[in-house]
Amino acid sequence: MMEANEHSSGQKPLIEIRELTKSFGNNQVLCGFNLQLFPGENVVILGKSGSGKSVLIKCLIRLMEPDSGEITILGKSVIHLDQKTLDQVRTEVGFLFQGSALYDSMTVRENLRFPLRRHPERKRGQEEEELIHQTLRSVGLEDAIDLMPAELSGGMKRRVALARTLILRPKIILYDEPTTGLDPITSNEIIQLILQLQKELGTTSLIITHDMDCARVISNRVIILFDGINYAEGTYDELSRSQDPKVRAFFKDINERLHG
Ligand SMILES: Nc1ncnc2c1ncn2[C@@H]1O[C@H](COP(=O)(O)OP(=O)(O)O)[C@@H](O)[C@H]1O
Ligand SMILES: [Mg+2]
């Protein structure tokens, strides 16, 4: 397996997680998880359902309090930050929730306006309306600006959610299961869109998924979350050829579940 820092000569990680632990009663979900995310990477964290992927990503931006460990984002230790600085760091970290989590009672325009009103300093000198249009255009949905979420297909909802994240131009985007609940064709469209925007905007991504197709297409590097730790790391191809019985079983399991 490759060490993360071999990939990025001399670059500092944008995110570093050290020995993260989190339990719920007797359920030890994270037992010393480590991760480094370097500029420009698309790192996929692959784990079975219930393995702690969402818990990990929530702890990362402190939507959930970890029990122990260190988390550094853009050079700041987020465990010890006051609320104000934490909010600042969070504006640099976009978060695409599992599902789309749009505000159902708001139009598409209002959904995109919401983060801008909370962080007016992120408008980059542009008019709000112009920025909303421009961002919707970048996900191919300018025509949907006046629609309600209930009027959108699953794929369109995911695009709006992506636009709502992108509108603040975060340096890092965290994706929790970006393709879950979508048919294969729509999944692929979303993956291609993520890759395209990534290139255009130069963001760095951490993608959490159990979707092997998503992991294969989107990742430069994969980390397998297993038994609460970063069990194995490498490119998708390296891991798929791994002789480690647990990694092999893991791939086999997931392929069986996906392809019958
Ligand atoms: N708020 C919570 N309270 C208690 N247990 C939780 C909570 N959130 C997650 N868990 C448990 O943590 C484990 C990992 O959950 P999760 O991170 O959602 O898995 P996934 O990898 O599917 O995203 C599961 O056993 C789940 O039941
Ligand atoms: Mg989850």
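Criteria and thresholds
Residues numbered from 1 in each chain as written. Chains lettered and ligands numbered in written order. Predicted model: local features only at pLDDT ≥ 70, side-chain atom pairs only at ≥ 80, totals over all residues. Heavy atoms only, no water. Helix = DSSP H or I, 4+ residues; strand = E, 2+ residues; numbered from the N terminus. Rg over C-alpha atoms; globule rule 2.2 N^0.38 Å. Buried < 20%, exposed > 50% of the residue type's maximum accessible area, 1.4 Å probe, protein only. Contact = heavy atoms within 4.5 Å. Areas by Shrake-Rupley, 256 points an atom, 1.4 Å probe, with all protein chains shown as cover. Lys, Arg positive; Asp, Glu negative; His and termini not counted. Charge placed at Lys NZ, Arg CZ, Asp CG, Glu CD. Pairing = 2+ DSSP bridges. Domains from an automatic or database assignment. Salt bridge = Lys/Arg side-chain N within 4 Å of Asp/Glu carboxyl O. Polar contact = N/O pair within 3.5 Å; in protein donor to acceptor, adjacent residues only side chain to side chain. Axes fitted to C-alpha atoms, helices over the stretch in contact; angles between N-to-C directions. Near = heavy atom within 4 Å. Nonpolar A, V, L, I, M, F, W, Y, C, P; charged D, E, K, R; others polar.

Regarding its fold elements, the protein presents nine helices and ten strands. Relative to its length of 260 residues, the protein is compact, with a C-alpha radius of gyration of 18 Å against a globular reference of 18 Å. Taking all 260 residues of the protein together, the buried fraction comes to 52%. Residue pairs at least 24 apart in sequence account for 67% of intrachain contacts in the protein once pairs closer than 6 positions are excluded. Approximately 12,200 Å² of the protein is accessible, and the part contributed by carbon and sulfur atoms is 48%. Averaged over its 32 positive side-chain charges, the protein has a centre that lies 2 Å from the centre of its 36 negative ones.

Attention shifts here to the pairing of strand β4 (residues 68–73). As paired strands, strand β1 (residues 15–24) and β4 are joined by five bridges and run antiparallel to one another. In the sheet register, T21 faces β4, and the bridge partner there is S68. From the end of β4 to the start of strand β5 (residues 76–77), which pair antiparallel, there are two residues, and L74 there has a positive phi angle of about 50 degrees.

One can read the domain layout of the protein as domain 1 (1–92 + 173–260) and domain 2 (104–169). The distance between the C-alpha centroids of domain 1 and domain 2 comes to 25 Å. If you look at the interface, domain 1 gives 17 residues, while domain 2 gives 13 residues. The interface formed by domain 1 and domain 2 contains two salt bridges. In this structure, the salt-bridge partner of E92 is R122, at a minimum N-O distance of 3.3 Å. On the surface where domain 1 and domain 2 come into contact, there are four residue pairs in polar contact (both at pLDDT 80 or more). At the level of elements, α2 (83–91), β7 (172–176) and α6 (184–201) are the ones that each hand at least two residues to the side of domain 1 that touches domain 2. When residues of the side of domain 1 that touches domain 2 are assigned to their parent elements, the largest contribution, seven residues, is made by α6.

Here we come to the sheet that holds β1. The sheet built from four strands is open, its strands ordered β2-β1-β4-β5 with antiparallel pairing. The open sheet has two edge strands, β2 (27–37) and β5, and neither has a second partner. Sheet contacts for helix α1 (residues 53–60): β1, β2 and β4; angle to β1, the most-contacted strand, approximately 120 degrees.

Another point: the site of ligand 1. In the region of ligand 1, the neighbouring residues are F24, N27, V29, K48, S49, G50, S51, G52, K53, S54, V55 and M64. S51 has a polar backbone atom sitting 3.2 Å from an oxygen atom of ligand 1. At the level of elements, β2 and α1 are the ones that each hand at least two residues to the shell around ligand 1. Top contributing element to the shell around ligand 1 by residue count: α1, with three residues. Residues of the shell around ligand 1, tallied by class, amount to four nonpolar, six polar and two charged.

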